[in-house]
Amino acid sequence: THARGGGSREHQRLKADDARKKKDERERQAEEASAARRVEEAAAGAPRRAEDAATATERRAAEVGEAQAAQEQEGRELQERRANAMRRREEDAAERRMAEVEAAHAREEEEEAVRRVAAAAEAVS
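Since the structure is predicted, the reported quantities are computational estimates derived from the model, not experimental observations.

A. Summary view of the overall build of the protein. Regarding its fold elements, the protein presents one helix and zero strands. For a compact globule of 125 residues, the expected C-alpha radius of gyration is about 14 Å, and the protein comes in at 53 Å, more than 25% above that figure. With the principal axes as the frame, the protein shows a C-alpha extent of 180 × 20 × 10 Å. The 125 residues of the protein split such that 3% are buried. Taken as a whole, the protein presents about 11,200 Å² of accessible surface, with 54% of it coming from carbon and sulfur. On the protein, the mean spot of the 27 positive side-chain charges and the mean spot of the 31 negative ones are 19 Å from each other.

B. Representation of a negative patch on the surface within the structure. On the surface, Glu108, Glu109, Glu110 and Glu111 cluster together into a negatively charged patch. Within the secondary structure layout, Glu111 lies in helix α1 (residues 2-124). Take Glu111: its relative accessible area is 45%, and that puts it in the partly exposed class.

C. Representation of the environment of Val117 in the model. With respect to the secondary-structure elements, Val117 resides in helix α1. The class for Val117 is exposed, based on a relative accessible area of 57%. Taking the C-alpha atoms as reference points, Val117 and Gln71, separated by 46 residues in sequence, lie 68 Å from one another.

D. Here's a closer look at the environment of Leu78. Along the polypeptide, Leu78 turns up in helix α1. The sequence separation of Leu78 and Asp92 amounts to 14 residues, and the corresponding C-alpha distance is 21 Å.

E. Looking closely at the pattern of salt bridges. Using the criterion set out here, one finds 11 salt bridges in the structure. A salt bridge links Arg28 to Glu32; its shortest N-O distance comes to 2.2 Å. Here Arg28 pairs with Glu32, and both are found in helix α1, just four residues apart, close to one helical turn. We note a salt bridge from Glu112 to Arg116, for which the minimum N-O separation is 3.8 Å. Of this pair, Glu112 and Arg116 both sit in helix α1, separated by four residues, roughly a single helical turn. Through salt bridges with shared partners, one network takes in Glu10, Arg13, Asp17 and Arg20.

Quick notes on the rules
Residues numbered from 1 in each chain as written. Predicted model: local features only at pLDDT ≥ 70, side-chain atom pairs only at ≥ 80, totals over all residues. Heavy atoms only, no water. Helix = DSSP H or I, 4+ residues; strand = E, 2+ residues; numbered from the N terminus. Rg over C-alpha atoms; globule rule 2.2 N^0.38 Å. Buried < 20%, exposed > 50% of the residue type's maximum accessible area, 1.4 Å probe, protein only. Areas by Shrake-Rupley, 256 points an atom, 1.4 Å probe, with all protein chains shown as cover. Lys, Arg positive; Asp, Glu negative; His and termini not counted. Charge placed at Lys NZ, Arg CZ, Asp CG, Glu CD. Patch = residues over 30% accessible without salt bridge, like charges linked within 9 Å, V, L, I, M, F, W, Y side chains within 5 Å. Salt bridge = Lys/Arg side-chain N within 4 Å of Asp/Glu carboxyl O.

Given below as structure tokens:
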């Protein structure tokens, strides 16, 4: 019976070792499967992340384009304001010249009238 008891303990130890090996193998397989799943998920997510990055790049490019367009528009508006101001100055100068010409004509007419009155007064006397 003693030998059989020893055998029984040996048998239990072997069974326990075997159970532990099976458990370790199951855990190793589960870990491998989990790792494979993580790799698959990362691989599946890569195109989406690339697409997201491309979309973000396109959005930034669009924002830069909009900012450039706004700057160009501001530049055009500034040029237009400058051209309008220059045109107004030219119009004002032309009006001043016309007023000066009209004033000169009026002075000439006045001087002519004074000469006629003086001549008439001299003819009367």
